[in-house]
Amino acid sequence: MDTPGIHSSLSIANKAVLITGAYGLIGRTIAEAFLQQGARVVLADIAVTHQEAIQNRLAGQFSPEQFLLHHLDITDEASCQAVVAATVARFGALDVLINNAAIDAKFDKANTGKVNQSRFEQYPVELLRKSVDVNLTGTVIMTQQACRQMLVQGKGNIINVASTYSMVAPNQSLYDFGQGVQQYKPIDYIASKSFIPNFTRYIATFYAQEGIRCNAIVPHAIFNNHEEAFLTNFSRLSPLGRMCEREELIGPFTFLASEASSYMTGSVLSVDGGWTAW
Ligand SMILES: NC(=O)c1ccc[n+]([C@@H]2O[C@H](COP(=O)([O-])OP(=O)(O)OC[C@H]3O[C@@H](n4cnc5c(N)ncnc54)[C@H](O)[C@@H]3O)[C@@H](O)[C@H]2O)c1
C-alpha cells in the first residue's frame, strides 16, 4: 500500500461543507478552521445574534467566494431544502454536512441559572418536546434534504455531533456548585441526543452502497468561561482532569470530513477526555 499519501488524505481543501448551528461555540470554531484549510463553507443558523460579527471576522480573513452565511431552521423542511440549494448554487456540490445545531442546557457563567432546574419528576414536558423537535426531528429533516443532494452526486459525507450524554447519564454531582443548591442537567438534552449514535448507524448502513458515509463525533465540555466551582468538580470527575479547549475539536472534525476516514462509516468518535472510559 502506498503510505506517503496518508498526509494529503487529511486535506479538506475545496470541499463544500455545510455546518448547521454554525454561529455557536463549536460551529464557528469548526467553520473558521475549515476555511483556514481551504474548504468552502456554508455557515447556517437560526440565530441572528453574532451573524454580523462572524460575517465581518470571516470577510477579514477569507475571500467572499469561500464562505456563505445562511439562515436556517432545521425544524423546517423548506428551510433545509433552501440551504442545500444555496450550498449547491454557490459551490456546485454538498460534500460534507455537519449536523451540529442543537438546543443544549449550558452551565458556563453566561448561562448557569437559565437552565430549568425542575427535578426529573417535575420537568416540563413542553421543554422535552421542544428539544426533540430541534435535536432529533430537525436533525432528521436536515439529513433527508442533504441525502437527496448526495444521492444525485453519488457521494457525500455526514458528521453528526453527539454528546457524552448520548452515551452515558450525567453525573449530577458535576452541577452541585456547593452552595447547597443541586442543579441538574435536564432530561430533554439526554433524551434527544441519545438518538444521535443510532441515527448515525441507521444512515451509515442505509446509504453504505450509495456513496454516503455517516459518522458521529462526541465532544464533551468545551471550556467557555465556566465558574471555578464547576472546574473543580469537573477536574475530579474527568480522567484528563480538565475541560476541552475548542481547538482540540479541529483535528477530529477534519479527520472525519477528509478522505483519511474513508473506511469509516457508522462510527462514533469520542473526544471526551476519557469521560466515558470509566
Ligand atoms: N459545548 C459543549 O461542551 C458540547 C459538548 C457536547 C456536545 N455538544 C454538541 O455540540 C453541538 C454544538 O454545541 P455548542 O456548544 O456550539 O452550542 P451553541 O448553543 O453555542 O450552538 C448551537 C447553535 O445551534 C443553533 N440552533 C438552535 N436551534 C436551531 C435550529 N432550529 N436551526 C438552526 N440552528 C439552530 C443556535 O442558534 C446556536 O447558534 C450541539 O449539537 C451540542 O449538543 C456541545
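Residues numbered from 1 in each chain as written. Predicted model: local features only at pLDDT ≥ 70, side-chain atom pairs only at ≥ 80, totals over all residues. Heavy atoms only, no water.

Asks: What am I meant to see in the overall build of the protein chain here?
Replies: Tallying secondary structure elements over the protein chain gives 8 helices and 7 strands in all. Here the C-alpha atoms of the protein chain give a radius of gyration of 19 Å, agreeing with the 19 Å that 2.2 N^0.38 yields for 278 residues. Seen along its three principal axes, the alpha-carbon backbone of the protein chain occupies a region of about 55 × 45 × 40 Å. Looking at the 278 residues of the protein chain, the share that counts as buried comes to 48%. The contacts of the protein chain with a sequence gap of at least 6 include a subset with a gap of at least 24, amounting to 77%. Taken as a whole, the protein chain presents about 13,100 Å² of accessible surface, with 54% of it coming from carbon and sulfur. Counting 20 positive and 24 negative side-chain charges, the protein chain places the averaged centre of each group 1 Å from the other. (Helix = DSSP H or I, 4+ residues; strand = E, 2+ residues; numbered from the N terminus. Rg over C-alpha atoms; globule rule 2.2 N^0.38 Å. Buried < 20%, exposed > 50% of the residue type's maximum accessible area, 1.4 Å probe, protein only. Contact = heavy atoms within 4.5 Å. Areas by Shrake-Rupley, 256 points an atom, 1.4 Å probe, with all protein chains shown as cover. Lys, Arg positive; Asp, Glu negative; His and termini not counted. Charge placed at Lys NZ, Arg CZ, Asp CG, Glu CD.)

Asks: Before we go on, may I ask you to explain helix H7 (residues 228–237) in this structure?
Replies: Side chains three or four residues apart in an α-helix point the same way, a direct result of the helix having 3.6 residues per turn. Of the positions making up H7, those classed as buried are Phe230, Asn233, Phe234 and Leu237. The arc that holds the buried residues of H7, viewed along the axis, is 100°, so those residues lie on one side. What points out from H7, more than 90 degrees from its buried face, is the exposed set Glu228 and Arg236. (Arc of directions from axis to C-beta.)

Asks: Would you take a moment to explain helix H3 (residues 77–91) for this structure?
Replies: Between its first and last C-alpha, H3 extends 21 Å over 15 residues, near the 21 Å set by a 1.5 Å rise per residue. What H3 keeps buried is the set Ser79, Cys80, Val83, Val84, Ala86, Thr87 and Phe91. The buried residues of H3 occupy an angular sector of 160° when the element is viewed end-on, so they sit on one face. As for H3, its buried residues are in contact with strand E1 (16–20), strand E2 (40–45), strand E3 (67–71) and helix H4 (125–153). Immediately beyond the C-terminal end of H3, within one or two residues, lies Gly92, with a positive phi of roughly 85°. (Expected span 1.5 Å × (residues − 1).)

Asks: When you look at the pairing of strand E6 (residues 212–219) in this model, what are you seeing that I'm missing?
Replies: Along any regular strand the residues' side chains alternate between the sheet's two faces. Summarising burial for E6: 8 of the 8 residues are buried, a large majority. Going residue by residue along E6, you find Ile212, Cys214, Ala216 and Val218 tucked away on one face and Arg213, Asn215, Ile217 and Pro219 tucked away on the opposite face as well. Note: strand E5 (residues 156–161) against E6, 6 bridges, orientation parallel. Of the residues in E6, the one forming a bridge with Val161 is Ile217. Across 4 bridges, E6 lies against strand E7 (residues 268–271) in parallel orientation. By the bridge assignment for E7, Ala216 is matched with Val268. (Pairing = 2+ DSSP bridges.)

Asks: When you look at the packing of aromatic side chains in this model, what are you seeing that I'm missing?
Replies: One pair of aromatic rings is described through two measures. These are the centre distance and the angle between the planes. Applying the stated criterion across every chain yields a total of 8 aromatic pairs. Measuring from ring centre to ring centre gives 4.9 Å for Phe195 and Phe199, while their planes differ by 20°; the resulting arrangement is stacked. Of this pair, Phe195 and Phe199 are both found in helix H6 (residues 195–206), 4 residues apart, which corresponds to roughly one turn of the helix. One exposure class covers both Phe195 and Phe199, and it is buried. Geometrically, the ring pair formed by Tyr202 and Phe206 is stacked, given 5.7 Å between the ring centres and 25° between the ring planes. Taken together, the positions of Tyr202 and Phe206, both in helix H6 and 4 residues apart, correspond to about one turn of that helix. We classify Phe206 as partly exposed; its relative accessible area is 47%. (Phe/Tyr/Trp six-rings, centres within 6.5 Å; stacked < 30°, edge-to-face > 60°.)

Asks: Explanation requested: the pattern of salt bridges in the structure shown.
Replies: A side chain with one charge may pair with a side chain of the opposite charge, provided their charged atoms come close. Here the structure, examined in full by the defined rule, presents 5 salt bridges. For Arg119, the salt bridge goes to Glu121, with nearest N and O atoms at 2.7 Å. Judged by its relative accessible area of 49%, Glu121 is partly exposed. The closest approach of N and O atoms between Glu248 and Arg242, which form a salt bridge, is 2.7 Å. Residue Glu248 is classed as partly exposed on the basis of its relative accessible area of 35%. When its relative accessible area of 41% is taken as the criterion, Arg242 is described as partly exposed. (Salt bridge = Lys/Arg side-chain N within 4 Å of Asp/Glu carboxyl O.)

Geometric descriptors of this kind do not, in isolation, establish any biological role.
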